[in-house]
Structures are given as structure tokens and as C-alpha cells.
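Each chain, written out:
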Amino acid sequence: MSSRPTTLSGILAVVAATAGVVAVAETQTLRLGATAAGAGLVVFVLGAVLARSRSRVLGVIVALAGLGGAAGGAAYGATTADQLHLAIVAPGLAGGFFVALGVAPLYGTGSRRFVKIACWLVFLGPVLSAGMEYAEPDVLYDVARILGATVAAALVWDLGENSVSLGRQIGRDARTFWNETVHGFGSLLVGAVSASIVYVAYGYSVGAEPLEAVVFLLVSIVLLVAFLHR
Amino acid sequence: MSEEDEEDVQRTRRWRGMTALALFAGGVGVLTNRPLVLLTAAVWVGYAAYPRLTGEPSVELEIERSLSDDAPGHGDVVEVETTVRNKSGFLTDLRFVDGVPPTLSVAEGTPRKATALRPRGATTFSYKLTAKRGRHSFVPATVVARNLSGSVEVDTTAFEKTVIECAADIGDVELRKQASQYTGRVLTDEGGSGVEFHGTREYQPGDSISRIDWKRRAQSGELITLEFREERSAKVLLVIDARQEAYVASGEDEPSAVTYSVFAADQLFQSLLASRDSVGLAVVGREDVWLPPSTGDEHKTRAREILTKSPALVPSPPRKRSDEDMFKNLMKRLDSSTQVIFLSPLADDTVVEKARRIDAHGNAVSVVSPDVTTDGSAGRKLAQVERESRLSDLRQAGIPVVDWDVEVPLAKVLAHTREQWSK
């Protein structure tokens, strides 16, 4: 039995990381570079799977090509963007690499730690974007971008972790499609629902609610959840 | 049929980090006075609450297995198709590892599957096993179910009795001449009705007309009766040696001689029963097991039960030595027409002595001895030599012995030694 991470969730985790980066990218060229990098990382993971299951030589070639594409995409974005724009997407891009390494069947049984680091890095994207006021609080499109990127960061962790844990318990050779699909759909739904609630509530209150009220509300919710989690 | 073992419920704590991210984002948002950062915190709060929204999954499964061949030959590939049916609520995350018999290896595919199952939904998967000689029972399948968020993991098992029985067909067992009064296949030295010519004698009133030699009558006018060798069925008692001494094996992870004896007994039992001999079963070892010779399907089932479930035949040796009384009991129970087949690795002299005594007592004895000795250290060689001398002791006493190299199918060995047995 091969107890390496499962492919579907692994690929989706990389896609989520890429989506998180693209959502916070400010310029067209950065978005293009990030998309290219993400596509390269997906190809890299597929190549690693191929190398493990079918043809080693072909798989290594595909994986290296993917890695080259990812590096090229990242470099294209980096050379054309200005530094502050780059600072917002850089952690997310690094996160993409981390999650790809964590779920690619390279060595051992995958790495939960890499997936976790990737989640944190992608998480930084929307925080930096909103913190540096590139995403503006009174533009609803920006609000949606930030919330989407945040949901993407959560999915990176959830899908990546599921990929590793399924691989360890069931193995990559087994059929796991429905398990991964239902699981992924569940966490996507939770993200979509909570983001929608926030979006709708915020949309009604743009300019009207004082910040303090929102702060108070959120702090109480966070405290409540922290208490529940004890 | 499903059987739930004790469930092991654990929290995976996989969403633990979400609270930290929510607090971090919230903190940054407040400190920098950025409402959008605060909003991201709300999303994290949603994820932190997610595991709270999903409860503990209750798991009740029903397994069905179908085998492409439930009595394959040694080395054959058997396809196993396992169907898992959900008897509980929606299982969003089910991880199933089929309980492949530990003695068999998977040849193709994987006995594992992860899926989601709606109530009463079922999933089917198949894989291939390579069959080996012996009876192989499936063990309980490992089941791991997580709730939708994956925060709670329930570890349990599900069992469905399935057996792959890989038995070499051993054909007819050659028996010694001792026979019962019933018609069967043991050729006796007594004249009577039968098919093989035995002799002639003067006609006595009461002889069947069909047995009168009419040719002779026409030639010379004498009234002569033809005699044929009587064919009778045998009454056989299989005695398994499961004393502490018999638990010898060729290596640490190898099955003991008792395991092989049980396997051979099963084979012999089936074969003898099929040829309408009456067969009994006795075990000398941890406890006294006694199934008097008989025939019929019910009898067959009872013997199966003993061979598979009797505590006297478990794979680990008994702690204390068995006393001599067991052999005494055995001899008391034997009637004069029963012949005895001993199944013993001949690891000590007791069986040799008892076999000779029973044989001298009037019950024809044969011995089937699984050979688990190996080359190697001086001690092992000595055991090998000792066993060989026991074999020759028995043969000198006129007791036929099948020296069974366990690597070779029993049927082959029996066929090979058949000539010697019938002599």
C-alpha cells in the first residue's frame, strides 16, 4: 500500500492556495503570474504522482517542467509588479510552494506541517491587502476579494490535511473520490456561508455602523469560540 | 451481519489553529483600525465554530463479501468483492480497510476504500488475493468514520464471517484392513460377496444362487460356491496430538505442527466421510476432545466446529504438560473394529509407544506426521535424527507412517505413499 497523500484533495489544496493569491493580487500581470505559478505547481504535483505510479522518467520530467513553470510564473509576476504589490502576494506564492511540497508524493507520507505553514502564508495575503488598504473597505468588490482569499486559506489547510490523513489511513491506491469531494464541499460551504453572512451584514452597514460596534461584536464572538474550544 | 466492537472516539483537533488565526486577524484589525481585516476574522470564527456544528458520527455497517472462488487451489488468485452498506445516518467520511486474512497477501488492487455513504447507501470495491493452502478466515474490518468537519474520528470494526478454504483434494485415503461390519471399500481377507475373486468352497445350503459356479456344475455336476473378498466400510478414529510437546515449528513465525495436523485431520475427515467410512475425532492435549466415529452431514459440521473452534487446538501451546490418562481414556473408548490414524509431529517418544500399544491391542494404527524439523543448529539436527528414528521404529512395528513434508500438498504425499499403505 502506498500511504502517500491522495491526489484530488492535494491538487485542490494547491488550487485553493493559487486562488487565494490571485484574489489579493492588485495588477493584471501579478494575477497572470500567480495563475501561471499555480498551474505549474499543479503540474508538478501531477508529475510526482505520475512518477510514483506509472513511469518514473516521464513523471520526473513532468514534475520538473511544472516546477519550472511555477518558478517562471512567480518570476514574471515579481519582475513586473511594484514592491508593495509584490509583498502582498509573496507569502501566498510561497504558501503555494509549501502546500505543493506537502501533498506531492515525494517522500514519506506527506507533511501536515508544510500544509499548515502554507495555510498561514496564504492567510497573510488578505490581512496584508486589507491592512495596507489596497483593498478598500467601502468597495464591495474588494470586500468579496478579501473574504474569498480568507476562505481559500482555510481550504488550503482543510484539503491538504485531508489529503495527508486519507493517504496515511487508506492509501493513494484506493478509491477516495467521494470522500474527498464531500469533505471539500463541506468546508467550502462553511466558508461560503460565513463569508456571505459577513458580506451581507457588512454591505448593509458600510459607512453607517461605527467600527467600534463591529469590533465589539467580533471580539465577543472570538471569545465565545475560544471558550468553546478550551 | 455486522458486529460492532467497542468504538474509539477521538478528537482530531484539526481545526484548532482556526481560533488562533481568528484572534490574530481580529487583533491586527483592531490595532490598525482596519475593518476589512476584522472581517476576515469573522470568516475564521466561522471555521473555528465548524467542528462544533458537526456531531459525532454513529457507525453501523453491514458487509457482504463475494469470492470468485471460495475453495481455490494453492496459488490461485481469488477476487474478493466487498460491499459495505450503511445502516446508520449519513456518513460523510468513511474510511474502510477490509479484514483480509492475515495469512494471505493482496495480489492486485487494494482492500481499502474511502467514501461518503448516504443512509442505506452501499459501496462496492474489489481486490485480488493469492490463495495459500489452509483455511483462511477474514478478520474484522477496520472502520474509521469522521464527521463532515473531520473534528471527531470514530474508530471501530465491522465483521462478516468469510472463509477462503484452499484445500488440495486428497482423494481416497488408503486404510488398513481392519473394517466394520458394514459394506464399504475396505477389501477384507474374508470370503463372501464382493467383486474380487477370493476362492471356492463346497456349496452349503443357504448360499446365494448367484454365487454358485454354474460352469463347473455343467461340466462335472459339482455344486461349488464362489467366494469374493468382502468389501466393508472402515471405522476410523483420527487422533490429533496437541500436547505441549507437539507445538513445534520450523521457525518463529511459522505455524506449529499442530496447525498442520489440524489441517490434515480436516482433509482426512472430509475424504473418509465422502467414501462412507465412519470417522471420529479425538484430541490429546490441553483438554480431552472426543467425537465418536459416525457419518452424516451433522457429524461433519460437528467435526468442523472442533477443528476450528476447540480450545484444545488453538495455535499457542498449553502451559502444562498433559497427563498419560488421556491415552488411557482413548484406549478405553476404542472398540475392536476401529482403526486409528495418529496425526503427530513425533516430537517425543510417547506417541510412538502409544501407537505401538494400541496397534498391539488390536486396533490397526497408521501415523501421518507433519515434518517441521529443519536443518541448522546442532539441536535442530538432533531433533531431525530423533524423529527419523521414531519413524523407523514405527515402520518396524508394522505401522504405516506418512512422512509429510509440509511444503508439499498432503494429497501428493498420500498418493506417493499409497502403495506402501496397502501392502
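What comes next concerns the included structure. Everything numeric here is computed off the predicted structure, so don't read it as measured data.

**Quick word on the overall build of chain A**
Then comes step 1: Check the secondary structure of chain A and you find eight helices and zero strands.
Then comes step 2: When the helices and strands of chain A are placed in sequence order, the string is α-α-α-α-α-α-α-α.
Then comes step 3: A burial count over chain A gives 56% of its 230 residues as buried.
Then comes step 4: Put simply, 78% of the contacts in chain A that link residues at least 6 apart link residues at least 24 apart.

**Considering the environment of Glu324(B)**
Then comes step 1: Among the secondary structure elements, Glu324(B) is positioned in the loop between helix 5 (297–309) and helix 6 (325–333).
Then comes step 2: When the C-alpha positions of Glu324(B) and Lys354(B) are compared, they lie 9.9 Å apart, and in sequence the two are 30 residues distant.

**Here we look at the sheet that holds strand 7 (residues 122–130) of chain B**
All names here are of chain B.
Then comes step 1: The strand order across the open sheet built from four strands is 2-3-7-5, with neighbouring strands paired in antiparallel fashion. Either end of the sheet is taken by a strand with one partner, and the two such strands are strand 2 (61–67) and strand 5 (105–108). Strand-to-strand twist across the sheet, computed as the mean angle between neighbouring axes with direction ignored, equals 40°.

**Regarding the sheet that holds strand 15 (residues 278–285) of chain B**
All names here are of chain B.
Then comes step 1: Ordered in space as 16-15-14-17-18-19, the six strands form an open sheet in which the pairing is mixed. Both outer strands of the open sheet, strand 16 (289–294) and strand 19 (401–405), are each paired with one neighbouring strand and no more. Here the average twist between neighbouring strands, direction ignored, is 20°.
Then comes step 2: Bridging between strand 14 (residues 235–242) and strand 15 involves eight bridges; their strand directions are parallel.

**Re the pairing of strand 7 of chain B**
Then comes step 1: Here nine bridges tie strand 3 (residues 77–86) of chain B to strand 7 of chain B, and the two strands are oriented antiparallel to one another. Residue pairing across strands places Val77(B) opposite Thr130(B), the latter belonging to strand 7 of chain B.

**Considerations on the interface of chain B and chain A**
Then comes step 1: Taken together, the 44 residues of chain B in the interface contact 47 residues of chain A.
Then comes step 2: Of the residues forming the side of chain B that touches chain A, the biggest block, 16 residues, is contributed by helix 2 (residues 35–53) of chain B.
Then comes step 3: When the residues that make up the side of chain B that touches chain A are grouped by side-chain class, the tally is 25 nonpolar, twelve polar and seven charged.

Cut-offs applied
- Residues numbered from 1 in each chain as written.
- Chains lettered and ligands numbered in written order.
- Predicted model: local features only at pLDDT ≥ 70, side-chain atom pairs only at ≥ 80, totals over all residues.
- Helix = DSSP H or I, 4+ residues; strand = E, 2+ residues; numbered from the N terminus.
- Buried ≥ 20, exposed ≤ 12 C-beta atoms within 10 Å, placed from the backbone.
- Contact = placed C-beta atoms within 7 Å.
- Pairing = 2+ DSSP bridges.
- Axes fitted to C-alpha atoms, helices over the stretch in contact; angles between N-to-C directions.
- Nonpolar A, V, L, I, M, F, W, Y, C, P; charged D, E, K, R; others polar.

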